[in-house]
Amino acid sequence: MTALPEIREGGLDLAEVHALLQTHLDTMALHSPAESRHALDLSGLRVAEVTFWSVWEGDALIGCGALKELSSEHGEIKSMHTAAAHRGKGVAGKIVEHAIATAKARGYTRLSLETGSPDGFAAARTLYARYGFTECGPFGDYREDPYSVFMTLELG
C-alpha cells in the first residue's frame, strides 16, 4: 500500500532535497536563458522570508515548493517541482493548495508567482490557472521578460 503524500516544512539539509532542487534548476536551464531564470538556489531558500516544503510519499521525496513573503499582505510561490516519476498524480496541486492555505492563514491578500512562457512550462501555467491565478504584470523586483509569465491570485 502506498503512503499518502505528506508535506513537511524544511528539508533543505537533506541530500534528496538537494538533488530535486538541482533537477529543478537544470530543468529551468533547458527552457530559459540564465538572465530569465528566477528559481531560488539553496541559499535563496534559506532566508527568513522563505518557507520551504518538501513532499514525501513514505521515504520517497516526490516534490517541493516554497512561499516567499514579499510584504505583510503579499506572498510568492517559489521552487515548485514534482519528481518526474510522480507527475500527473496531483503532487503540484497539493503544494499549491498548501501555499494558498498558508498565505490565507498569514493574512496575505494576494499570492503571486513567476513561471516560464516557453512550452515546457505549459503544464505549470495550466495548473495555476486551475486554482484561479490570472496573468498580471511583473511584481516585486521582476521586470518584463519574454521568457516569463506573471500570475496572481487575490485572496480576499
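Residues numbered from 1 in each chain as written. Predicted model: local features only at pLDDT ≥ 70, side-chain atom pairs only at ≥ 80, totals over all residues. Heavy atoms only, no water.

Engineer: Could you clarify how one ought to interpret the overall build of the chain in this entry?
Structural biologist: Across its full length, the chain holds four helices and seven strands. Starting at the N terminus and ending at the C terminus, the chain contains elements arranged as β-α-α-β-β-β-α-β-α-β-β. The C-alpha atoms of the chain give a radius of gyration of 15 Å, which matches the 15 Å a tight globule of 156 residues would have. Taken along the three principal axes of its C-alpha coordinates, the chain extends 45 × 35 × 30 Å. Counting the 156 residues in the chain, one finds 44% classified as buried. Pairs at least 24 apart in sequence give 63% of the contacts found in the chain among residues at least 6 apart. (Helix = DSSP H or I, 4+ residues; strand = E, 2+ residues; numbered from the N terminus. Rg over C-alpha atoms; globule rule 2.2 N^0.38 Å. Buried < 20%, exposed > 50% of the residue type's maximum accessible area, 1.4 Å probe, protein only. Contact = heavy atoms within 4.5 Å.)

Engineer: I tried to follow unusual backbone geometry on my own but got confused; where do I start?
Structural biologist: Leaving glycine aside, a negative phi is the common case for residues, and trans is the common case for peptide bonds. Although it is not a glycine, Ser79 sits at a positive phi angle of roughly 55°. Looking at where Ser79 falls in the secondary structure, it is placed in strand β4 (residues 74–82).

Engineer: Mind showing me how you'd approach the sheet that holds strand β3 (residues 60–71) here?
Structural biologist: The strands making up a sheet are joined through hydrogen bonds of the backbone, oriented either antiparallel or parallel. As summarised here, the arrangement of the seven strands in space is β1-β2-β3-β4-β5-β7-β6, forming an open sheet in which the pairing is mixed. Looking at the sheet topology across the chains shown, the edges are occupied by β1 (5–9) and β6 (134–136). Looking at each pair of strands side by side, their axes are set apart by 30° on average, direction ignored. As paired elements, strand β5 (residues 110–116) and strand β7 (residues 148–154) share seven bridges and run antiparallel to each other. For Gly116, the partnering residue across the bridge sits in β7 and is Ser148. Of the strands in this sheet, β1, β2 (50–57), β3, β4, β5 and β7 touch helix α3 (residues 91–105), which is tilted by about 30° from β3. (Pairing = 2+ DSSP bridges. Axes fitted to C-alpha atoms, helices over the stretch in contact; angles between N-to-C directions.)

Engineer: What is the right way to read the environment of Thr27 from this model?
Structural biologist: Position of Thr27 among the secondary structure elements: in helix α1 (residues 15–31). Its relative accessible area of 22% is what places Thr27 among the partly exposed residues. Separated by 62 residues in sequence, Thr27 and Lys89 place their C-alpha atoms 19 Å apart. In this structure the side chain of Thr27 is engaged in a polar contact, spanning 2.8 Å, whose partner is the backbone oxygen of Thr23. (Polar contact = N/O pair within 3.5 Å; in protein donor to acceptor, adjacent residues only side chain to side chain.)

Engineer: How do you make sense of α3 when you look at a structure like this?
Structural biologist: Owing to its 3.6 residues per turn, the α-helix brings residues three or four apart onto one side. Between its terminal C-alpha atoms α3 stretches 21 Å, which fits the 21 Å expected from 15 residues at 1.5 Å a residue. All of the buried residues in α3 are Val91, Ala92, Gly93, Ile95, Val96, Ala99, Ile100, Thr102 and Ala103. Residue Gly107 follows α3 closely and has a positive phi angle near 85°. (Expected span 1.5 Å × (residues − 1).)

Engineer: Looking at this structure, I do not really get the pattern of salt bridges. What am I missing?
Structural biologist: A side chain of one charge can pair with a side chain of the opposite charge if their charged atoms are brought near each other. This model, assessed by the stated rule, comprises three salt bridges. Salt-bridge contacts for Glu6 lead to Arg8; the nearest nitrogen and oxygen are separated by 3.3 Å. On the basis of relative accessibility, which here comes to 31%, the residue Arg8 falls in the partly exposed class. Linking Asp13 and Arg46 is a salt bridge whose minimum nitrogen-to-oxygen distance equals 3.0 Å. Here the residue Asp13 occupies a position in the loop between β1 and α1, and Arg46 occupies one in the loop between α2 (42–45) and β2, the gap between them amounting to 33 residues. The class for Asp13 is exposed, based on a relative accessible area of 66%. (Salt bridge = Lys/Arg side-chain N within 4 Å of Asp/Glu carboxyl O.)

Nothing here speaks to function; it is all geometry.
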